[in-house]
Amino acid sequence: MLHIALYHPQIPQNTGTLMRLSSCLGLKIDLIRPFGFLFDDKKLKRAGMDYIRTANYEIHDSFDLFLDKYKEKRLISLEANNEHTPHNHFKYQDEDIIIVGSEHYGFLENDFKKIPYCVKIPMISNRRSLNMAVATAIVVSEAMSQLDIFPHTS
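Here is what the cut-offs are and how they apply
- Residues numbered from 1 in each chain as written.
- Predicted model: local features only at pLDDT ≥ 70, side-chain atom pairs only at ≥ 80, totals over all residues.
- Heavy atoms only, no water.
- Phe/Tyr/Trp six-rings, centres within 6.5 Å; stacked < 30°, edge-to-face > 60°.
- Helix = DSSP H or I, 4+ residues; strand = E, 2+ residues; numbered from the N terminus.
- Buried < 20%, exposed > 50% of the residue type's maximum accessible area, 1.4 Å probe, protein only.
- Lys NZ or Arg CZ within 6 Å of the ring centre and 35° of its normal.
- Core = buried A, V, L, I, M, F, W, Y, C linked by side-chain atoms within 4.5 Å.
- Contact = heavy atoms within 4.5 Å.
- Pairing = 2+ DSSP bridges.
- Salt bridge = Lys/Arg side-chain N within 4 Å of Asp/Glu carboxyl O.

Draft legend 1. Representation of the packing of aromatic side chains. Following the criterion strictly, the structure yields 10 aromatic pairs and no others. Ring centres 4.9 Å apart and planes at 45° place the aromatic pair Tyr7 and Phe107 in the tilted group. A residue pair is termed long-range when its members are at least 10 positions apart, and Tyr7 in strand 1 (residues 3–7) and Phe107 in the loop between strand 6 (97–100) and helix 5 (109–112) qualify at 100 residues. Each member of the pair, Tyr7 as well as Phe107, is classed as buried. Centre to centre, the rings of Phe63 and Phe66 are 6.0 Å apart; their planes meet at 20°, and the pair counts as stacked. With a gap of three residues between them, Phe63 and Phe66 both fall in helix 4 (residues 63–69), about one helical turn apart. A relative accessible area of 0% places Phe66 in the buried class. Taking the ring centre of Tyr117 as reference, the NZ or CZ of Arg74 above it sits at 5.0 Å.

Draft legend 2. Region of the structure containing the nonpolar core. Leu6 and Tyr92 are the most contacted members of the largest nonpolar core, which totals 29 residues. Those elements that provide at least two residues to this core are strand 1, helix 1 (12–25), strand 2 (28–32), strand 4 (75–78), strand 6 and helix 6 (132–147). For this core, the element with the most residues is helix 6, which contributes seven residues. Ignoring anything within four residues of it in the chain, the contact list for Leu6 reads Thr15, Leu18, Ile29, Asp30, Leu31, Ile32, Val100 and Met132. Core analysis: the next-biggest nonpolar cluster, separate from the first, contains 12 residues, Tyr7, Phe63, Leu67 and Ile97 among them.

Draft legend 3. Focus on the pairing of strand 4. Residues Leu75 and Ser77 of strand 4 are buried on one face, and the alternating residues Ile76 and Leu78, pointing to the opposite face, are buried as well. As defined by bridge partners, strand 4 adjoins strand 6 across four bridges and the pair is classed as parallel. Opposite Leu75, over in strand 6, you have Ile97 as the bridge partner. Pairing geometry for strand 4 and strand 7 (residues 117–120), over three bridges, is parallel. When the bridges of strand 7 are listed, Ser77 appears paired with Cys118.

Draft legend 4. Structural context of the environment of His84. Among the structural elements, His84 can be located in the loop between strand 4 and strand 5 (85–86). Sequence-wise, His84 and Phe112 are 28 residues apart; in three dimensions their C-alpha atoms are separated by 13 Å. Leaving out residues up to four positions away in the same chain, His84 has contacts with Glu79, Phe112, Cys118, Val119 and Lys120.

Draft legend 5. A look at the pattern of salt bridges. Following the criterion strictly, the structure yields 10 salt bridges and no others. Residue Lys73 is joined to Glu95 by a salt bridge in which the shortest nitrogen-to-oxygen separation is 2.3 Å. In this pair, Lys73 sits in the loop between helix 4 and strand 4 while Glu95 sits in the loop between strand 5 and strand 6, placing the two residues 22 residues apart along the sequence. Judged by relative accessible area, which is 26%, Lys73 ranks as partly exposed. One salt-bridge network, held together by shared partners, links Lys28, Asp30, Glu58 and Lys69.

The quantities given are spatial measurements derived from coordinates; they are silent on function.
Structure representation (structure tokens):
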């Protein structure tokens with residue numbers, strides 16, 4: 001199963017949106033502390049709506065505990081740096097974990113070094129970044145398309 005992981009999320013609306021996305025697409029979402037908000041924040045609930053109840057999520061108390069649990073999985077960070085592989089040129093695997101850094105600071109340097117793969121979304125030059133939830137949805141959509149794992153509708 002493809003995973004989304006949020007590293008030190010700071011904006012409850014982004015986390016709620018991605019919990020909703022994971023619920024609707026049948027993905028697991030991992031939330032790695034510390035958070036920049038309380039988990040019962042009304043903004044999180046508003047963005048995630050009732051989908052938070054149906055989301056397959058797990059909260060990890062630290063990045064090291066997260067890494068220990070998923071040491072057999074392939075971690076792929078999403079970064080805006082131009083040195084990384086374009087997300088649509090990367091070959092995804094079914095058990096990949098797409099991990100997105102904090103909205104405010106990305107990844108702590110020591111933690112970033114522990115993530116072996118990194119992709120970027122090609123953008124027009126002189127543009128800094130996309131919203132974290134939007135960028136995650138773009139990359140997840142590419143991975144799901146490559147793996148042909150979108151839910152089947154009747």
